[in-house]
Amino acid sequence: MKNKLANLSALLLLSPLGLLAQDNKHLTLEEIIHMAANQSVEAKTADTKILGRQLEVESAKSKQLPDAKLSGQYMAMTTPNVNLKLALGDGGSAPDIAANQLWLGQASVSMPIYTGGRIKGGIDIAKDVLKAEEWNAVASKEQLAMRAVNLYLSLYKAQQTNLLIAENIKQSEQRVSDFKAMLDNGLIARNDLLKAELQLSNYQVSLQEAQKNIKVLNYQLANFLKIDEDTQLDQINLGEVNGLDLGLKASYETAKTVRSDVKSMESQRLVAEDQLKVTKAATLPTVSATAGYNAFGLQKVVTVTNAAMVGVGISYDIGSLYKNKREVNVVKNRIKQIDENLELLNDRVKVQVQQANESYMLAQKQDVVYRQALDQAVENYRITKDKYDNGIADTDDLLTADVQQLQSKINLAISKANTIEKYYDLLLANGSLNIK
């Protein structure tokens, strides 16, 4: 008998139990998923990273625009010796000029015409980095959603266990009361009353532990969703969970083409391919159209204005012809590493899909068994109770049947949550978890 009670206490302590929450805020599983993917700190961080990548795309596009510069200088000088080499018209000597001020003004515009694909490649890199970041954000939010699902279902298990223990405590209290009356009338031994009181005490200890744990779970979920931490979530009803397809089966062929983590890795490969093109383009010359305007003056000596110019500029880094090969090899090696990582990821996806399918089917089979076990436990308690009332069974038999009945009810409640949890694990593995 003590072993049975000890096993029950261990089950309650190891289960994610908690205190029955007050009716304050009602949240469905779909709402929990949406809030986790949008309101949690990690979700907002993922969105901020996407915004940063979008700004990088705009920055890369700005390189297509012309460069324009304005500059001006004014300088005071010591009086220099000025020796004009130009011959004067009348053959006289140059006058003594005190030229101690100089000013310069310049405006220039440069428009890239041909860059060997560097600018376009830079834009492509920024766009593919943005795509990879977007897929990373989806993958992160899917994990956040599953974390919220796990907390939510753990809270449900806790609430259900709490209700079942509370219900059994009422029955145990009535049994203790009846046993006291029977003891007073000499119908049972005092040892039988002590056994009933011990069982009641164990139930009460388990209930206290459950109430402590559910407070922890409630707080964790509220903190994770960034709602008021004092919010008490009301009794969860898993009957509100819609669209549970008991025949759903994940497919590796589907998962490897739609999963966000795979998409992110593929985008990273595109980034490396774009980087390879840009690196190879370093051996090509650049051509740009230039235009400018200059003006300068030296006090009492010369003033130049309207010195406008237009032309074409060419730049060619000869050293890149023998230096660039090493850079190309570095990028090629990076592509090879990504290909190997992508292969490893596909292997993990295959394993996850197979495991998710098996776990979901097992959860459904266990749910059927737990339902049968509950029917058996209820009937066993009814028969044992009849036997006890007729003096055929003893107190140990009655209390053992009661523990078995409670444990069967808890197992079934937990099994319902496990089936839903494995269903969402299956959606995640298949790449079809909806976080909108």
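Procedures and definitions
Residues numbered from 1 in each chain as written. Predicted model: local features only at pLDDT ≥ 70, side-chain atom pairs only at ≥ 80, totals over all residues. Heavy atoms only, no water. Helix = DSSP H or I, 4+ residues; strand = E, 2+ residues; numbered from the N terminus. Buried < 20%, exposed > 50% of the residue type's maximum accessible area, 1.4 Å probe, protein only. UniProt positions renumbered as here; feature names shortened; annotations may be inferred. Core = buried A, V, L, I, M, F, W, Y, C linked by side-chain atoms within 4.5 Å. Contact = heavy atoms within 4.5 Å. Salt bridge = Lys/Arg side-chain N within 4 Å of Asp/Glu carboxyl O. Pairing = 2+ DSSP bridges. Axes fitted to C-alpha atoms, helices over the stretch in contact; angles between N-to-C directions. Parallel < 35°, antiparallel > 145°, perpendicular 65-115°, else oblique. Left-handed = near helix turned anticlockwise from the far one by under 90°. Expected span 1.5 Å × (residues − 1). Polar contact = N/O pair within 3.5 Å; in protein donor to acceptor, adjacent residues only side chain to side chain. Patch = residues over 30% accessible without salt bridge, like charges linked within 9 Å, V, L, I, M, F, W, Y side chains within 5 Å. Areas by Shrake-Rupley, 256 points an atom, 1.4 Å probe, with all protein chains shown as cover. Lys, Arg positive; Asp, Glu negative; His and termini not counted. Charge placed at Lys NZ, Arg CZ, Asp CG, Glu CD.

Asker: For unusual backbone geometry, give the residues involved together with the corresponding values.
Answerer: At Lys226, a position not held by glycine, the phi torsion is positive, near 60°. By the secondary structure assignment, Lys226 is in the loop between α5 (190-225) and α6 (252-258). Under the relative-accessibility criterion, Lys226 is labelled partly exposed at 43%. One non-glycine residue, Asn306, lies in positive phi territory at about 60°. You can see Asn306 is positioned in strand β4 (residues 302-315).

Asker: Give a description of the UniProt feature "coiled-coil region" (unreviewed entry) in the protein that names residues and reports values.
Answerer: Under the local residue numbering, the UniProt record ascribes the feature "coiled-coil region" (unreviewed entry) to residues 193-220 and 328-355. Measuring from the first to the last C-alpha atom of residues 193-220 gives 41 Å, for a span that is 100% helix and 0% strand. Along residues 328-355 the backbone is 100% helical and 0% strand, and the end-to-end C-alpha distance reaches 41 Å.

Asker: Describe the nonpolar core, and please don't skip the residues or the numbers.
Answerer: In this structure, Leu29, Leu221, Leu225, Leu238, Tyr424 and Leu433 are the most contacted members of the largest nonpolar core, which totals 57 residues. Elements represented by at least two residues in this core include exactly α2 (29-38), α4 (118-184), α5, α6, α7 (260-280), α8 (320-389) and α9 (395-430). The dominant element in this core, judged by the number of residues it contributes, is α4, at eleven residues. Every residue in contact with Leu221, bar those within four places of it in the chain, is listed here: Ile32, Ala148, Leu151, Tyr152, Leu155 and Leu233. One finds Ile188, Leu207, Tyr388 and Leu406 within the second-largest nonpolar core, a separate group that totals 20 residues.

Asker: Lay out the pattern of salt bridges in plain terms, naming residues and giving numbers.
Answerer: If you walk through the whole model with that rule in mind, you get 18 salt bridges. For Glu253, the salt bridge is made with Lys256, and the minimal N-O distance between the two is 3.3 Å. Residue Glu253 and its partner Lys256 are located together in helix α6, separated by three residues, close to a single helical turn. Between Glu379 and Arg382 there is a salt bridge; the shortest N-O distance is 2.5 Å. Of this pair, Glu379 and Arg382 are both found in helix α8, three residues apart, which corresponds to roughly one turn of the helix. Here Glu379 falls in the partly exposed class, since its relative accessible area comes to 35%. Each member of the salt-bridge network shares a partner with another, and the members are Arg53, Glu56 and Glu133.

Asker: Can you explain the sheet that holds strand β3 (residues 286-298)? Please cite residues and give values.
Answerer: Here four strands make up an open sheet; going across it, the order is β1-β2-β3-β4 and the pairing antiparallel. Taken across any chain shown, the strands that pair with only one partner, and hence form the sheet edges, are β1 (67-76) and β4. Geometrically, the sheet is characterised by an average inter-axis angle of 10° between neighbouring strands, direction not taken into account. Relative to strand β2 (residues 101-114), β1 is paired through ten bridges, and the arrangement is antiparallel. Of the residues in β2, the one forming a bridge with Asp67 is Ser110.

Asker: Can you explain the packing of α2 against α4? Please cite residues and give values.
Answerer: Remark: α2 packs on α4, axes separated minimally by 8 Å, with the N-to-C direction vectors making an angle of 140°. Comparing the axis directions of α2 and α4 gives the class oblique. Crossing handedness for the pair α2 and α4: right-handed. Contact residues: α2 offers Leu29, Ile32, Ile33, Ala36 and Ala37, while α4 offers Lys141, Leu144, Ala145, Ala148, Val149 and Tyr152.

Asker: Summarise α9; cite the residues concerned and give the values.
Answerer: Over its 36 residues, α9 runs 52 Å from end to end, which matches the ideal 52 Å to within 8%, given 1.5 Å per residue. Burial runs high along α9: 28 of the 36 residues are buried. For α9, the capping residue at the N-terminal end is Asp394, with a side-chain oxygen 3.3 Å from the backbone nitrogen of Asp396.

Asker: Describe a positive patch on the surface, and please don't skip the residues or the numbers.
Answerer: A contiguous patch of positive charge on the surface is contributed by Lys280, Lys325, Arg326 and Lys332. Top contributing element to the positive patch by residue count: α8, with three residues. Turning to its location among the elements, Lys332 is positioned in helix α8. Residue classification places Lys332 among the partly exposed positions, given a relative accessible area of 43%.

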